[in-house]
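# A closer look at the structure
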Amino acid sequence: MDNKKISLVNEYDWDVNSKGIKRINDKNFSTVKKALDAKGPGFCLAKWNQVTMHLGTGMTHSCHHPPTHKIPLEELKENPTALHNTKFKKEQRKAMLNGKRPAECEYCWRVEDEAVENNFSDRARKSLEDWALPHIDVIKDMDGSEDVLPTYLEVSFSNVCNLKCTYCGPESSSMWYEDIKQKGPIKLLEGTDNETWSHGWQENLQVFKKREQNPYVDAFWEWWPDLHKSLKVFRITGGEPLLSKDTFKVLEWIIEHPNPELELSINSNLSVPDKVWDRFIDLINRIKDTDNIKNITIYASVEGWGKRAEYARTNLDFNKFTQRYEQLVSMSNMRAIIMATYNIFSVTSFQKLLEWQLGLRQKYNKSGLPPIWETAASVGFKSKHNLDIEKNANWKFGKGDVLIGMDIPYLRDPKFLDARSISHDLVLDYMLPTLDFMADNQVESKYSSKSKGFSEHEIDKLARIVYHRIYFNQNNKTDPTEPDWVNRKDLDVSRAGFYEFVNTSDKRNNTDFLSTFPEMKEFYYECKESVVRLQTGIHGDTSG
């Protein structure tokens, strides 16, 4: 049978809700993987439908797992869609359509090759999304040379940022860029075989400064009138998006050019000057209660609590962050999600962050009951949680039963900040109790006040991180078939890198790791011992 005549959607049985929408669950992940594999073992819709554009440096990738690659200016001059449709990316698409698995997508191939039951790669997870799956039958019949319009776009207009987060770097933070220009790059493990720059610094890194003419941004605005019509999801990242004039240009465009199917998301550290913040809130208020877009979500970035969060995010005013976040969640018809990129600095205060979020959920998130039930049945949510029942009755937000949420991406680079290298004691004292806290406050039913807890999806995100820590850093691993990470030397490289990084960071930022994280003192000295082992070449077992 001619494969082009087969619908990869209609050929399979899907689990759908009462509205016919495909549910995000293991059954459908399994089904979409079968549909993708029917075309080829490397076929992934994200290579066509999803793109991240780093316009400040002229880089792109699809999806977010493969390394970024340069957008050649000569391609861009002829074709502004080369922001997404580079010749390199087209070669990867052709490989997928011809039954191959591109090397740049090795993150998903590792997951799939583990063959763990119900452990689905992002190839399946992303392809199931409603911005991807409806296009599968059109994409499978392409040859890979086509210029396509993405349906999911992430864009960073520049690296301008007022923070210098520990895991960030000069490509995404102008503060990092200027710090390294003035003080030089941070070299770790100097004099050993593992000598490296802490943040992959390259002297020839091209970053377009705030007031410079940027051909990548110019190409974006040339393409934008057509591009915005195809988008289901549009997410503005940074740098700090609220410090970019292009972010405000987008918001003003949306007011004048509605796209009722668009889900708009904006990342922010919530730390911009008051004048900028007030202008942002004004524009959001003008958009969120209209039909100009489907919905709007603000992703507020923080990974810990109090002074520990401020250590991880240089120049962060944590009190201002919490005040502005609570301002956002008090507004109707929009979401405010904490985006917590979990790393070593998150481990010991993450539960405190979750406790604060849980309190806000109990105050602001909808109960799942129709408003009339909340009053007539005397459930008492208004008196207990200070809810405005009239506001709930007029709720518009398309996915309005969750106003406050938590996204927990897992930091893998730089490796010395990857939580997989923490000690066994920190796992027992902090990681596992934090996971237990989320599980103890899990959503039970949309028809109970427990709907204001953590979703299974959110809990799974942290559970995945705990799983990786336990799996990749077990005691006395000697099996050569295991991943390289469990090798004692690799663990020492990460821990030694962490020790040298915090010491250098403390000198540059006038901070003190041990006074900020006294509970990590023992781990700090274990990391110091790793430096010695690297210098001597004696690595021992993995008992730490």
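No experiment lies behind these values; they were computed from the predicted model shown.

In terms of burial, strand S9 (residues 263–268) is a largely internal element, 6 of the 6 residues being buried. Alternating residues of S9 divide into Glu-263, Ser-265 and Asn-267 and Leu-264, Ile-266 and Ser-268, and every residue in both groups is buried. In the sheet, strand S8 (residues 233–237) pairs with S9 via 4 bridges, with the strands oriented parallel. Residue pairing for S9: Val-233 is matched across the bridge by Glu-263.

Before going further, it helps to examine the pattern of salt bridges. One pass over the structure, following the stated rule, counts 27 salt bridges. A salt bridge links Asp-37 to Arg-123; its shortest N-O distance comes to 2.6 Å. With a gap of 86 residues between them, Asp-37 in helix H1 (residues 26–39) and Arg-123 in helix H6 (residues 122–127) connect regions that are remote in the sequence. With a shortest N-O distance of 3.0 Å, Asp-418 and Arg-420 are connected by a salt bridge. Judged by its relative accessible area of 9%, Arg-420 is buried. Shared partners join several salt bridges into a network, and the residues in it are Lys-33, Asp-37, Glu-112 and Arg-123.

Moving on to the environment of Pro-67. Its place among the elements puts Pro-67 in the loop between strand S2 (59–61) and strand S3 (69–70). The residues touching Pro-67, leaving out its near neighbours within four places in the chain, are Thr-60, His-61 and Glu-104.

This part is about the pairing of strand S10 (residues 295–301). Counting buried positions along S10 yields 7 of 7 residues, so the element is predominantly enclosed. Of the two faces of S10, the one holding Asn-295, Thr-297, Tyr-299 and Ser-301 and the one holding Ile-296, Ile-298 and Ala-300 are both buried throughout. In this sheet, S10 lies alongside S9 in parallel orientation, the contact comprising 6 bridges. Of the residues in S10, the one forming a bridge with Glu-263 is Asn-295. Crossover connection from S9 via helix H11 (residues 274–288) to parallel S10: handedness right-handed.

The contact between helix H13 (residues 318–329) and helix H14 (residues 350–364) brings their axes to 11 Å, and the two run at 25°. With respect to their mutual orientation, H13 and H14 come out roughly parallel. The way H13 lies across H14 gives a crossing that is right-handed. For the pair H13 and H14, contact is made by Phe-321, Thr-322, Tyr-325, Glu-326 and Val-329 and by Trp-356, Gln-357, Leu-360 and Tyr-364, respectively.

Moving on, we come to the sheet that holds S9. Strand order across the open sheet formed by 9 strands is S3-S2-S1-S4-S8-S9-S10-S12-S13, with mixed pairing between neighbours. What marks the edges here is a single partner per strand, and that holds for S3 and strand S13 (404–407).

Side chains of Asp-26, Glu-117, Glu-456 and Asp-460 sit close together on the surface and give a patch of like negative charge. Relative to the assigned elements, Glu-117 resides in the loop between helix H5 (106–114) and H6. You can call Glu-117 exposed: its relative accessible area is 70%.

It is worth spelling out the side chain of Glu-104 at this point. Within the secondary structure, Glu-104 is located in the loop between helix H4 (87–97) and H5. Classification of Glu-104 as buried rests on a relative accessible area of 16%. Polar contacts involving the side chain of Glu-104 include one to the side chain of Lys-47, which spans 2.6 Å.

Turning our attention to unusual backbone geometry. A cis amide bond links Gly-238 to the next residue, Gly-239, at an omega of 0°. Position of Gly-239 relative to the elements: it lies in the loop between S8 and helix H10 (245–256). In this chain, Asp-413 is followed by Pro-414 through a cis amide linkage whose omega measures 5°. Following the sequence through the fold, Pro-414 ends up in the loop between S13 and helix H18 (424–440). Here Asn-315, not a glycine, exhibits a phi torsion of approximately 85°, which is positive. Its location among the elements puts Asn-315 in the loop between strand S11 (313–314) and H13. Judged by its relative accessible area of 47%, Asn-315 falls in the partly exposed class. In the Ramachandran plot, Asn-510 falls in the positive-phi region, its phi being about 55° despite a non-glycine side chain. Its location among the elements puts Asn-510 in the loop between helix H20 (488–509) and helix H21 (513–516).

Owing to its 3.6 residues per turn, the α-helix brings residues three or four apart onto one side. When the terminal C-alpha atoms of H1 are compared, their 21 Å separation across 14 residues agrees well with the 20 Å that a helix rising 1.5 Å per residue should span. Restricting attention to buried positions, one finds in H1 the residues Asn-28, Phe-29, Thr-31, Val-32, Ala-35 and Leu-36. For H1, the buried positions fall inside an angular range of 165° around the axis, keeping them on one side. Contacts made by the buried residues of H1 are with H6 and helix H7 (136–139).

On to the packing of aromatic side chains. Across all of its chains, the model carries 31 aromatic pairs by this definition. Between Trp-221 and Trp-224 the ring centres are 6.1 Å apart and the planes differ by 75°, which places this aromatic pair in the edge-to-face class. Here Trp-221 and its partner Trp-224 are both found in helix H9 (residues 215–230), 3 residues apart, which amounts to about one turn of the helix. Judged by centre distance (5.6 Å) and plane angle (55°), the ring pair of Trp-305 and Trp-356 falls under tilted. Taken together, the positions of Trp-305 in the loop between S10 and helix H12 (306–312) and Trp-356 in helix H14 put the pair 51 residues apart, joining distant regions of the chain. Under the relative-accessibility criterion, Trp-305 is labelled partly exposed at 22%. Since its relative accessible area comes to 12%, Trp-356 is described here as buried. Ring pairing ties together the aromatic residues Tyr-311, Phe-345, Phe-498, Tyr-499, Phe-513, Phe-517, Phe-523, Tyr-524 and Tyr-525, which thus form one cluster. The ring of Phe-29 has Arg-125 lying over it, and the distance from NZ or CZ to the ring centre is 4.7 Å. A cation over a ring is seen here: Lys-164 above Trp-176, with NZ or CZ 5.3 Å from the ring centre.

Conventions adopted
Residues numbered from 1 in each chain as written. Predicted model: local features only at pLDDT ≥ 70, side-chain atom pairs only at ≥ 80, totals over all residues. Heavy atoms only, no water. Buried < 20%, exposed > 50% of the residue type's maximum accessible area, 1.4 Å probe, protein only. Helix = DSSP H or I, 4+ residues; strand = E, 2+ residues; numbered from the N terminus. Pairing = 2+ DSSP bridges. Salt bridge = Lys/Arg side-chain N within 4 Å of Asp/Glu carboxyl O. Contact = heavy atoms within 4.5 Å. Right-handed = clockwise from strand over helix to strand, strands pointing away. Axes fitted to C-alpha atoms, helices over the stretch in contact; angles between N-to-C directions. Parallel < 35°, antiparallel > 145°, perpendicular 65-115°, else oblique. Left-handed = near helix turned anticlockwise from the far one by under 90°. Patch = residues over 30% accessible without salt bridge, like charges linked within 9 Å, V, L, I, M, F, W, Y side chains within 5 Å. Areas by Shrake-Rupley, 256 points an atom, 1.4 Å probe, with all protein chains shown as cover. Lys, Arg positive; Asp, Glu negative; His and termini not counted. Charge placed at Lys NZ, Arg CZ, Asp CG, Glu CD. Polar contact = N/O pair within 3.5 Å; in protein donor to acceptor, adjacent residues only side chain to side chain. Expected span 1.5 Å × (residues − 1). Arc of directions from axis to C-beta. Phe/Tyr/Trp six-rings, centres within 6.5 Å; stacked < 30°, edge-to-face > 60°. Lys NZ or Arg CZ within 6 Å of the ring centre and 35° of its normal.

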